[in-house]
Amino acid sequence: MALSLKQRSVLPGFGLTMGFTLLYLSLIVLIPLSATFLKTAAMSWSQFWNTVTEPRALASYRLSFGASLIGAAINMVFGMLAAWVLVRYSFPGKRVVDAMVDLPFALPTAVAGITLTAVFARNGWIGSYLEPRGIKVAFTPLGVVVALTFIGLPFVVRTVQPVLQDLDAEIEEAAASLGASRWQTVTRVILPALLPALLTGFALAFARAVGEYGSVIFISGNMPMRTEITPLLIVTKLEQYDYAAATAIGVVMLVMSFALLFIINLLQWWSRRRYA
Amino acid sequence: MSIEVRHITKTFGDFTALKEVSLEIPTGELIALLGPSGSGKTTLLRVIAGLEVADPGSGAILFDGEDATSRSSRDRQVGFVFQHYALFRHMTIFENVAFGLRVRPRKVRPSESEIRERVSALLKLVQLDWLAARYPSQLSGGQRQRVALARALAVEPKVLLLDEPFGSLDAKVRKELRRWLRRLHDELHVTSVFVTHDQEEALEVADRVVVMNEGRVEQVGTPDQVYHHPANPFVYNFLGNVNLFNGRVEGGKVHIGDMAMELPEQMRPDAETAVVYVRPHLLEIDHQPTNTNHFRARVEHINPAGPLVKVELISEWGDPVQVEISQERYRDLRLKKDAEVFVTPKEKKIFVEKYSI
């Protein structure tokens, strides 16, 4: 039998849809991305290395990726909790709460940033209580974490929700009748079943947080070396007409994000394989 | 362990699933809860397991004479087998069976080698030891249900409760598994209760059958008792196909067409109407009228596939009548569609009140 790329299938339209998918991906994703690499290629290797490893850039990577990871991790825990409440219990106003979860999606990020800053600033609603106790949120790395947690919440909730809905209550009853305590049921039965969805939610929230710009720049204060995120650094370089440096940092971000997402995908593949 | 259910009532909102149900299950018996859907049989099983709480103040569940009403399902030491298996998808078959042992508090938890031994012995018992390393999704329905059973048995339950254990399996596997369950019970002698809506399954497997309807127990008895001596029309109706004939009562006799049948003595002689129930295989067909009670009918449809030939008739008063005759008799009679025949009931059951499912 001749080796053929096209497999016979009862579903028609493989050629058309596959062709369109490739074209679309190329136009939307690959071409802009390769332009980034092309632009960077204008620099020499040492120039590139110096640009992307200058202390200010390194500090911004630490903040961007660190705060994104922390934010995604916080969302993984509390997003799961929210999904649990929304799936397992019925209470008045459940639909409203359910709709509120999507607010961070819908709100323009700049509005979110200004709101968060106003709330957490020294004279804000929450900030006025926290600052006298020595907890500064606005204009600190903590503020960046708060903003990135805010924008990432819907991802975990929305990925875990359907899986939780599919998870039969019978599974929990079975565990209980076998003598498992509530804690054992959660850690040994429910969490492992939710793990792939949790990882997906984590990856999405993380990816979104790494690229987030609008909501962070207001609350962070943008002090170089302390509260400057990488996307802001890129914008700063652009404003200085240093396009090559901007794209160079962009490339580093791209590669790091890709590597992290790839690792998360591997983890997911590993945990999902067990379900077959 | 013996189980006693005393006056248990359970309501879900406006719906009453169980009405003052009382039941005694002696140690070591295999009991079937049989009834149509919505009869409350699964609810009763779940109340016994502690997965459902009976209405407050309604009654009690006793295990070995001790009140267990307020015990949680965790502390009741019951093994529960679900209709849809409820296996843990992310665990191997081995780990599924070992689960109940692994979650025990450290003091009473068996050692790793004991767990291995126990689980492999159980997997051998359910004839699945060669699948220990697989995941549930790689198994067939019948295999999964056997794993679920092994998992429930691993904690050495005093009672085994099975909720429609064979309900989602295909007919052939179902028959094999229920015979296997019977043999397993004969080996282990653990008090077992299983829920089913399949009368054949209940009659074949159980020591005693509890027939339920609309949240009440209609009859409790051995398969022979409930089948041959049904307490009421519902039980008779539910335990097999049946033909209903409405008759008038006059002078202690039930009249249907030209037939006249003695009304059983304990029946109310003052009743105006009575219903005669006859199973399809207890009706005889002939081309000639017999001198006993008989009625005329016309052949409407013949289905000769299967061990018995199913004949559909239209009686002289226009009602459909189902008859089952042997293949031999069918050949002798040379029945044709639209033929005129005479039907004689060989055995019948008369109830004064009518029942419809």
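An account of the accompanying structure is given in this report. (Residues numbered from 1 in each chain as written. Chains lettered and ligands numbered in written order. Predicted model: local features only at pLDDT ≥ 70, side-chain atom pairs only at ≥ 80, totals over all residues. Heavy atoms only, no water.)

Re the overall build of chain B
Phase 1 of the analysis: Across its full length, chain B holds nine helices and 20 strands.
Phase 2 of the analysis: The principal-axis extent of the C-alpha atoms belonging to chain B is close to 80 × 50 × 35 Å.
Phase 3 of the analysis: For chain B, contacts bridging at least 24 residues in sequence account for 66% of all contacts bridging at least 6.
Phase 4 of the analysis: Total accessible area computed for chain B in this model is approximately 17100 Å², and 46% of it derives from carbon and sulfur atoms.
Phase 5 of the analysis: The distance from the centre of the 47 positive side-chain charges to the centre of the 50 negative ones in chain B is 7 Å. (Helix = DSSP H or I, 4+ residues; strand = E, 2+ residues; numbered from the N terminus. Contact = heavy atoms within 4.5 Å. Areas by Shrake-Rupley, 256 points an atom, 1.4 Å probe, with all protein chains shown as cover. Lys, Arg positive; Asp, Glu negative; His and termini not counted. Charge placed at Lys NZ, Arg CZ, Asp CG, Glu CD.)

Quick look at the interface of chain A and chain B
Phase 1 of the analysis: If you look at the interface, chain A gives 20 residues, while chain B gives 23 residues.
Phase 2 of the analysis: Buried surface at the junction of chain A and chain B, both sides included, amounts to about 2100 Å², of which 59% is carbon and sulfur.
Phase 3 of the analysis: Residue arginine 46 of chain B pairs with glutamate 173 of chain A through a salt bridge whose shortest N-O separation is 2.5 Å.
Phase 4 of the analysis: The tally of links between chain A and chain B comes to four residue pairs in polar contact (both at pLDDT 80 or more).
Phase 5 of the analysis: Put simply, the parts of the chain that give the side of chain A that touches chain B at least two residues each are helix H9 (169-177) and helix H10 (182-211) of chain A.
Phase 6 of the analysis: Broken down by element, the residue count for the side of chain A that touches chain B peaks at seven residues, all from H9 of chain A.
Phase 7 of the analysis: Tallied by class, the residues present in the side of chain A that touches chain B amount to twelve nonpolar, four polar and four charged. (Buried area = accessible area lost by both parts, 1.4 Å probe. Salt bridge = Lys/Arg side-chain N within 4 Å of Asp/Glu carboxyl O. Polar contact = N/O pair within 3.5 Å; in protein donor to acceptor, adjacent residues only side chain to side chain. Nonpolar A, V, L, I, M, F, W, Y, C, P; charged D, E, K, R; others polar.)

A look at the sheet that holds strand S18 (residues 320-326) of chain B
Residues and elements named next belong to chain B.
Phase 1 of the analysis: The sheet built from five strands is open, its strands ordered S15-S19-S16-S17-S18 with antiparallel pairing. If you trace the sheet from one side to the other, it starts and ends with strand S15 (283-286) and S18, each paired once. Across the sheet, the mean angle separating the axes of adjacent strands is 45 degrees when strand polarity is ignored.
Phase 2 of the analysis: Sheet topology places S15 next to strand S19 (residues 340-345); four bridges connect them, and they run antiparallel. Looking at the pairing, aspartate 286 lines up with phenylalanine 342 of S19. (Pairing = 2+ DSSP bridges. Axes fitted to C-alpha atoms, helices over the stretch in contact; angles between N-to-C directions.)

Description of the environment of valine 226 of chain B
Phase 1 of the analysis: One can find valine 226 of chain B in helix H7 (residues 223-228).
Phase 2 of the analysis: For the pair formed by valine 226 of chain B and valine 211 of chain B, sequence separation is 15 residues and the distance between their alpha carbons is 8.3 Å.

Comments concerning the sheet that holds strand S1 (residues 3-12) of chain B
Phase 1 of the analysis: Strand order in the open sheet formed by four strands is S2-S1-S4-S5 (chain B), and the pairing between neighbours is antiparallel. The sheet is open, and its two edges are formed by strand S2 (15-25) and strand S5 (66-67) of chain B, each paired on a single side.

So, the pattern of salt bridges
Where charged atoms from two side chains of opposite charge come close, those side chains can pair.
Phase 1 of the analysis: Enumeration according to the criterion identifies 31 salt bridges over all chains in this entry.
Phase 2 of the analysis: With a shortest N-O distance of 3.1 Å, lysine 237 of chain A and glutamate 54 of chain A are connected by a salt bridge. Of the two residues, lysine 237 of chain A is situated in helix H12 (residues 230-239) and glutamate 54 of chain A in the loop between helix H2 (45-52) and helix H3 (55-88); the sequence distance between them amounts to 183 residues.
Phase 3 of the analysis: The exposure class of lysine 237 of chain A is buried, given its relative accessible area of 12%.
Phase 4 of the analysis: The class for glutamate 54 of chain A is partly exposed, based on a relative accessible area of 25%.
Phase 5 of the analysis: A salt bridge links arginine 102 of chain B to glutamate 112 of chain B; the nearest nitrogen and oxygen atoms lie 2.9 Å apart. (Buried < 20%, exposed > 50% of the residue type's maximum accessible area, 1.4 Å probe, protein only.)

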